[in-house]
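The residues making up each chain are set out below.
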Amino acid sequence: MTSKSRLHIPRPSARPGEAPDFSYLSLSEAGAVSRPATSATASEAEYLAQNLVRVMDDDGIAQGDWIPDLSPEQKVEALRLMLLTREYDNRLQRAQRQGKISFYMQSLGEEAVSIGQGMALEAGDMLFPAYRNQGLFILRNTSLVDLMCQCLSNTRDMCKGRQMPVMYHNRKGNLFSVSGNLATQYPHAVGWAMASAIKGEDHIAASWVGDGSTAEADFHYALTFAAVYQAPVILNVVNNQWAISTFQGFAGGERRPFAARGQGLGIPGIRVDGNDLLAVYAVTQWAAKRAREGGGPTLIEHVTYRGGAHSTSDDPTRYRPKDEWQAFPLGDPVERLKKHLVNEGHWSDEQHEALKEQLKETVMAAWKEAISYGTMTEGPMLDVSIMFDDVYEEVPQQLKDQCEELIALKGTLS
Amino acid sequence: MSQMNMIQAINSALDVVMEKDPTVIILGEDVGYFGGVFRCTDGLQAKYGEHRVIDAPIAEGGIIGSAIGIGVNGLRPVAEIQFADYIYPGLDQIISELARLRYRSGGEYFSPVTIRAPCGGGIRGGQTHSQSPEALFTHLSGVKTVMPSSPYDAKGLLISAIESNDPVIFFEPKRIYNGPFDGDPNKPATPWSKHPAGEVPDGYYSIPLGEAAVVEEGDELSIITYGTMVHVAQAAVRNAGVKADIIDVRTLVPLDVETLTRSVKKTGRCLIAHEASRFSGYGAELSATIQEECFWHLEAPIERVAGWETPYPHAFEWDYFPGQDRILAGIRSIMEAV
């Protein structure tokens, strides 16, 4: 028999009109994966990349040795922040549909990643978010009005009208500027962490990319530099199964988990149930402790599902089953934490509904205030001269001239 | 004062700045223990330690990307790209991140990275060790671009570049690392010790970014150039017997338009010379600027002398390199024009 070479084109398990099929996802039972010491070698921790760290079982009961030391109040706060993120997303998604903002990206279904991780890190730790990490901004007390004003590109826009919606930053909150280019923030996080170590500080850095962006060169540069210098950094891959229309197989996720991408460099990888806030918190705490002890970087893959469209410009019904999220075996992070809290007697359906109502009002009040600073179509409008600021520390003569030219032109038109 | 070649002057600039400012660190391939393939960082790791002079993996995108993060965390990184020809894997980090960070964050974040890169031809380096990619970086809005032509300027400009809170791409014409080069490869090399700009102060001094230098004065013609071509132009002018202003641009961005236009308004004739290929080269911008600012003073069309629009060839190096003959032809053409 003659053998032939073969070109493999990855295919998702289901397309529109077909039944969702997540049989490709390898799952572990809650509590089944043991927690190694933070001093474990990459080889000793290798099993963490192949399994799935889960704390909450199907009944919402916490299991195993990854159960984090979180008080009921902290867990209720985590639930509140996830719900707030979701409500914030709802409002802005609608604002885009109403033509008030140009574009939006929800984090529906992935809220536990930002909230769980943000809670496990310290205020002095520097975060280099991707575009679906709005939860980090909300968790670190960026005012909703400020976030909305950024999306509105209005007179209070932190970016001074220069960035598309969702490209936030928060200097005081140690949140880096979100880039529209993919994975570029990964080496920044590693460099920041290197500088932290050079300065002898114990602040660490963390960054996020999606499954799709692991194919970018910057992902590999970052892992190499993190490994070489043992930088105190947590590198996260949010595997939400879909990069716009290409499923995670197109980033090379068919044969090995993304968490295993660090193995060749000796970076421990943890594959975690990204919809299990307690598990996300616990593995982040492990990685942060390890980094602060001089143990270097950790790669964490969060297995989750992109509940909404990639962005408001995308229609996922054209490439995946409509009901795929409902069939996702790891469920909805909000419902799962709620079930856990209800089971433990710290929460109730009534409290949950009341909280949702209250958050809706909070978000609506913020929105009303935000639009008072202007929208894309209604004033007040930004002063166009700020277009020429901040290209350099000082405005060079050529830009001063161009600014004058524009203002003079606008003067003749009005 | 000491006699220094350009390598020693760059080394001295790094040494002086590192001594003065403990936040300055160096990152690059072979820069640490070995001291750099061109020796520009020689002795610095021994003096300042492995945490300040850091050997990097062979990943230019990683060097530039991590340097940005290092800069955001309050240090002042100087990244070395071993050859300008190798800078391209880092282009996205330069264009999309380094150049835009201050702007996109409303002025709240910046990263004061300096990227040093030896550039230019004349060293038998073929297409992967001879390029002059400066024009790419002048188009970005948000990075400054510098190319010195002497040890004295190299030190003063590099100190300014490192101290700038704006990112700077600092190109070092490697053909003139060891001595000024007049474009004739058959003549014995001249060392910097015979050139006045090889006299370099040992301590701290700086040359502001954004100021061109008039290296020779004359009233018949203005030659606008930078890097190695400054010396080629000087030799050509001597041979042509014309009285020319020779202007070394030094800082390509921001451009010192004032010095350039003052000269061309005086002479009425302008020749622009650079090693990089002509089409969409930096000379196109210079030519357009001169035309816009000096049109009514021009007595002849602006002449450009540049590399041919081919990749940099190995065997035909001296046919590609815009040497004295080509400058002389340009001068003749511009002086004969009525």
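In what follows, the structure referred to is the one given above.
Quick look at the structure, then. On a predicted model such as this, the values are computed, not experimentally measured, just so you know.

### Considering the overall build of chain B
Move 1: Broken down by element type, chain B carries 12 helices and 14 strands.
Move 2: A globule of 338 residues ought to have a C-alpha radius of gyration of about 20 Å, and chain B, at 19 Å, matches this closely.
Move 3: Its C-alpha atoms put chain B at 60 × 50 × 40 Å along the principal axes.
Move 4: Here chain B, with 338 residues, has 64% of them falling under the buried criterion.
Move 5: Carbon and sulfur atoms make up 51% of the accessible area of chain B, which totals about 12,200 Å².
Move 6: Of the side chains in chain B, 27 bear a positive and 43 a negative charge, and the two mean positions are spaced by 2 Å.

### Describing the packing of helix H5 (residues 144-152) of chain A against helix H11 (residues 349-371) of chain A
Packed helices, taken two at a time, are described by their axes: the angle between them and the distance between them.
Residues and elements named next belong to chain A.
Move 1: At their nearest, the axes of H5 and H11 sit 9 Å apart, and the two run at 50° to each other. With respect to each other, H5 and H11 are oriented oblique. Between H5 and H11 lies a crossing whose hand is right-handed. Counted together, Leu144, Val145, Met148, Cys149 and Leu152 of H5 and Thr362, Val363, Ala366, Trp367, Glu369, Ala370 and Ile371 of H11 form the full contact between these two elements.
Move 2: Of the residues assigned to the contact of H5 with H11, the class counts are 10 nonpolar, one polar and one charged.

### Description of the sheet that holds strand S11 (residues 244-248) of chain B
All names here are of chain B.
Move 1: With mixed pairing, five strands are arranged side by side in an open sheet as S9-S11-S10-S13-S14. The sheet terminates laterally at strand S9 (213-216) and strand S14 (303-307), the two strands that pair on one side only. Within the sheet, the average angular offset between the axes of one strand and its neighbour, ignoring direction, is 25°.
Move 2: On the sheet, helix H9 (residues 257-267) packs against S9, strand S10 (221-225), S11 and strand S13 (270-277) and is oriented at approximately 155° with respect to S10.

### Things to note about the interface of chain B and chain A
Move 1: Contacts between the two partners involve 42 residues from chain B, matched on the other side by 39 residues from chain A.
Move 2: The contact between chain B and chain A buries some 3,500 Å² in all, and 59% of this surface belongs to carbon and sulfur atoms.
Move 3: Summed over the three residues of chain B that lose the most area to chain A, namely Tyr103, Arg104 and Tyr109 of chain B, the buried surface amounts to 22% of that side.
Move 4: Between the two partners, chain B and chain A, sit zero salt bridges.
Move 5: The interface formed by chain B and chain A includes 24 residue pairs in polar contact (both at pLDDT 80 or more).
Move 6: Elements supplying a minimum of two residues to the side of chain B that touches chain A: strand S2 (24-28), strand S3 (53-55), helix H3 (60-72), helix H4 (91-98) and helix H5 (101-104) of chain B.
Move 7: Ranked by residues supplied to the side of chain B that touches chain A, first place goes to H3 of chain B with nine residues.

### A word on the packing of aromatic side chains
Move 1: Tallying each qualifying case throughout the model produces 24 aromatic pairs over all chains.
Move 2: Aromatic side chains phenylalanine 22 of chain A and tyrosine 24 of chain A sit 5.9 Å apart centroid to centroid with 40° between the ring planes, which places their arrangement in the tilted category.
Move 3: Note on tyrosine 24 of chain A: relative accessible area 34%, which makes it partly exposed.
Move 4: With centroids separated by 5.5 Å and ring planes inclined at 45°, the aromatic side chains of tryptophan 242 of chain A and tyrosine 319 of chain A adopt a geometry described as tilted. Of this pair, tryptophan 242 of chain A sits in strand S4 (residues 242-243) while tyrosine 319 of chain A sits in the loop between strand S7 (298-303) and helix H9 (324-327), and the two are 77 residues apart along the sequence.
Move 5: Using a relative accessible area of 4% as the deciding quantity, one classes tryptophan 242 of chain A as buried.
Move 6: Classification of tyrosine 319 of chain A as buried rests on a relative accessible area of 7%.
Move 7: Among the aromatic residues, those joined into a ring-pair cluster are Phe22, Tyr24, Tyr305 and Phe328 of chain A.
Move 8: Its guanidinium or amino end placed over the ring of phenylalanine 34 of chain B, arginine 39 of chain B lies 4.7 Å from that ring's centre, counting from NZ or CZ.
Move 9: The ring of tryptophan 308 of chain B has arginine 326 of chain B lying over it, and the distance from NZ or CZ to the ring centre is 3.7 Å.

Quick notes on the rules
- Residues numbered from 1 in each chain as written.
- Chains lettered and ligands numbered in written order.
- Predicted model: local features only at pLDDT ≥ 70, side-chain atom pairs only at ≥ 80, totals over all residues.
- Heavy atoms only, no water.
- Helix = DSSP H or I, 4+ residues; strand = E, 2+ residues; numbered from the N terminus.
- Rg over C-alpha atoms; globule rule 2.2 N^0.38 Å.
- Buried < 20%, exposed > 50% of the residue type's maximum accessible area, 1.4 Å probe, protein only.
- Areas by Shrake-Rupley, 256 points an atom, 1.4 Å probe, with all protein chains shown as cover.
- Lys, Arg positive; Asp, Glu negative; His and termini not counted.
- Charge placed at Lys NZ, Arg CZ, Asp CG, Glu CD.
- Axes fitted to C-alpha atoms, helices over the stretch in contact; angles between N-to-C directions.
- Parallel < 35°, antiparallel > 145°, perpendicular 65-115°, else oblique.
- Left-handed = near helix turned anticlockwise from the far one by under 90°.
- Contact = heavy atoms within 4.5 Å.
- Nonpolar A, V, L, I, M, F, W, Y, C, P; charged D, E, K, R; others polar.
- Pairing = 2+ DSSP bridges.
- Buried area = accessible area lost by both parts, 1.4 Å probe.
- Salt bridge = Lys/Arg side-chain N within 4 Å of Asp/Glu carboxyl O.
- Polar contact = N/O pair within 3.5 Å; in protein donor to acceptor, adjacent residues only side chain to side chain.
- Phe/Tyr/Trp six-rings, centres within 6.5 Å; stacked < 30°, edge-to-face > 60°.
- Lys NZ or Arg CZ within 6 Å of the ring centre and 35° of its normal.

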